Amino acid sequence: FDGQRLQLLEGGDAGAAFSLAATPGGIVIGFGQGVLLPGGHFLSAFHGLPGNQALALAAGEQLFVGTPSGLGAIAGNRVAWRVTAGEGKLPHPWITALHVHGEELFIGTYGGGVVRRTASQSNPGGPGQFDAFPETEGLKINTGCLVEAGGRLYLGTDGRGLDRLSLDGRRFLPVRVPLPSL
């Protein structure tokens, strides 16, 4: 949208868009069939992503892609790494929300709660270290519901309402506000 009219992006006819991310090179679009990068390059499970349905995107030192089958990272125009079920890094493979905060990536899953990924000092371009937040175990994080506002990270759940990351960054605490639905 240029302020006057909507314009179809090159390659934007790949079907329903599930997620968006702004990168220095332009907008990235997550579709049911994969990820459309700026410049028209398209990546999917065929290219190494953990799945095709890109439900969550987040741009940081790499472009992170969350799918129902796991987490992947794109560097340049290629898949740099992926983490899937059975590796013990994710509490649940269905990634619904991603948020980059500094050098950390917060990963929301549907049924496994939240995990924090930090890059490895010895292999900064690799998967890194994954640490779960035990108090979120079993939570269903709603799609796109990891948001930073006022310097605090909030997460929206299916059934428990709203949580906020503590000031020390060690745990999520329920936010006690009246909501029309949990």
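Residues numbered from 1 in each chain as written. Predicted model: local features only at pLDDT ≥ 70, side-chain atom pairs only at ≥ 80, totals over all residues. Heavy atoms only, no water.

*Asks:* Whenever I open this one, the nonpolar core confuses me. Can you help?
*Replies:* Within soluble globular proteins, side chains that are nonpolar generally end up buried alongside one another. Grouped together as the largest cluster of nonpolar side chains are 14 residues, with contacts concentrated most on Leu 71, Leu 98, Ile 107 and Phe 130. Every element with two or more residues in this core is listed here: strand S5 (56-59), strand S7 (70-75), strand S8 (78-84), strand S9 (95-101) and strand S10 (104-109). Contact partners of Phe 130, with chain neighbours within four places excluded, come to Leu 71, Trp 81, Val 83, Lys 89, Leu 90, Ile 107, Val 115, Arg 116 and Arg 117. Leu 49, Ala 54, Leu 63 and Ile 74 belong to the second-largest nonpolar core, a separate cluster that totals twelve residues. (Core = buried A, V, L, I, M, F, W, Y, C linked by side-chain atoms within 4.5 Å. Buried < 20%, exposed > 50% of the residue type's maximum accessible area, 1.4 Å probe, protein only. Helix = DSSP H or I, 4+ residues; strand = E, 2+ residues; numbered from the N terminus. Contact = heavy atoms within 4.5 Å.)

*Asks:* Please clarify how the layout of surface pockets should be interpreted in this entry.
*Replies:* Using a probe with the size of a water molecule, rolled over the atoms, empty space left in the structure can be pinpointed. Computed from the structure, the largest pocket encloses a volume of approximately 190 Å³. Considering the residues around the largest pocket, the lining is formed by 15 residues, among which Thr 23, Leu 37, Leu 63, Ile 74 and Gly 76 are closest to the centre. Tallied by class, residues from the lining of the largest pocket come to eight nonpolar, six polar and one charged. (1 Å grid on protein atoms, 1.4 Å probe; cavity = no way out; pocket = protein on both sides within 12 Å on 5 of 7 lines; lining within 4 Å. Points joined across faces, edges and corners; volume = space filled by probe spheres on them. Nonpolar A, V, L, I, M, F, W, Y, C, P; charged D, E, K, R; others polar.)

*Asks:* Can you walk me through the pairing of strand S14 (residues 152-157) in this structure?
*Replies:* For a regular strand, side chains alternate in direction, first toward one face of the sheet and then toward the other. Of all six residues in S14, five are buried; the element is thus mostly enclosed. In the sheet, strand S13 (residues 141-149) pairs with S14 via five bridges, with the strands oriented antiparallel. Counted as the bridge partner of Ala 149 is Arg 152 from S14. Hairpin connection from S13 to S14: two residues lie between these consecutive antiparallel strands, with Gly 150 at a positive phi of about 60 degrees. Pairing geometry for S14 and strand S15 (residues 162-165), over three bridges, is antiparallel. Across the sheet, Leu 155 pairs through a bridge with Asp 163, a residue of S15. (Pairing = 2+ DSSP bridges.)

*Asks:* How should the packing of aromatic side chains be read in this particular structure?
*Replies:* Aromatic rings considered in pairs are described by the distance between their centres and by the relative angle of their planes. With the rule as written, the count across this model stands at five aromatic pairs. With a centroid separation of 5.0 Å and an interplanar angle of 75 degrees, the aromatic rings of Phe 133 and Phe 172 are classed as edge-to-face. One end of the pair, Phe 133, is in the loop between strand S12 (129-132) and S13; the other, Phe 172, is in strand S16 (residues 172-174), and 39 residues separate them in sequence. Neither Phe 133 nor Phe 172 differs from the other in exposure class; each is buried. Ring-pair connections join several aromatic residues into one group, and the members of that group are Phe 106, Phe 133 and Phe 172. (Phe/Tyr/Trp six-rings, centres within 6.5 Å; stacked < 30°, edge-to-face > 60°.)

*Asks:* Even after reading the chapter, I still don't get the environment of Arg 116, so can you show me in this structure?
*Replies:* Structurally, Arg 116 is set in strand S11 (residues 113-118). In this structure, the C-alpha to C-alpha distance between Arg 116 and Arg 82, residues 34 residues apart in sequence, is 15 Å. Not counting chain neighbours up to four residues away, the residues in contact with Arg 116 comprise Glu 104, Leu 105, Phe 106, Gln 129, Phe 130, Asp 131, Phe 133, Gly 169 and Arg 170.

*Asks:* Is there a simple way to think about the pattern of salt bridges in this case?
*Replies:* Working definition: two side chains of opposite charge can pair if their charged atoms are close together. Going through the model one piece at a time under the given rule, you end up with three salt bridges. With its nearest N and O atoms 3.4 Å apart, the salt bridge here joins Arg 116 to Glu 104. Linking Arg 116 in strand S11 with Glu 104 in strand S10, this pair joins segments that are twelve residues apart in sequence. (Salt bridge = Lys/Arg side-chain N within 4 Å of Asp/Glu carboxyl O.)

*Asks:* Can you help me understand the sheet that holds S5 in this one?
*Replies:* Across a sheet, paired strands are connected by hydrogen bonds in the backbone, their directions being either parallel or antiparallel. Strand order across the open sheet formed by four strands is S5-S6-S7-S8, with antiparallel pairing between neighbours. The open sheet has two edge strands with one neighbour each: S5 and S8. Neighbour to neighbour, the strand axes of the sheet diverge by 20 degrees on average, direction disregarded. Alignment of S5 against strand S6 (residues 63-67), held across four bridges, turns out to be antiparallel. Of the residues in S6, the one forming a bridge with Ala 56 is Gly 66. (Axes fitted to C-alpha atoms, helices over the stretch in contact; angles between N-to-C directions.)

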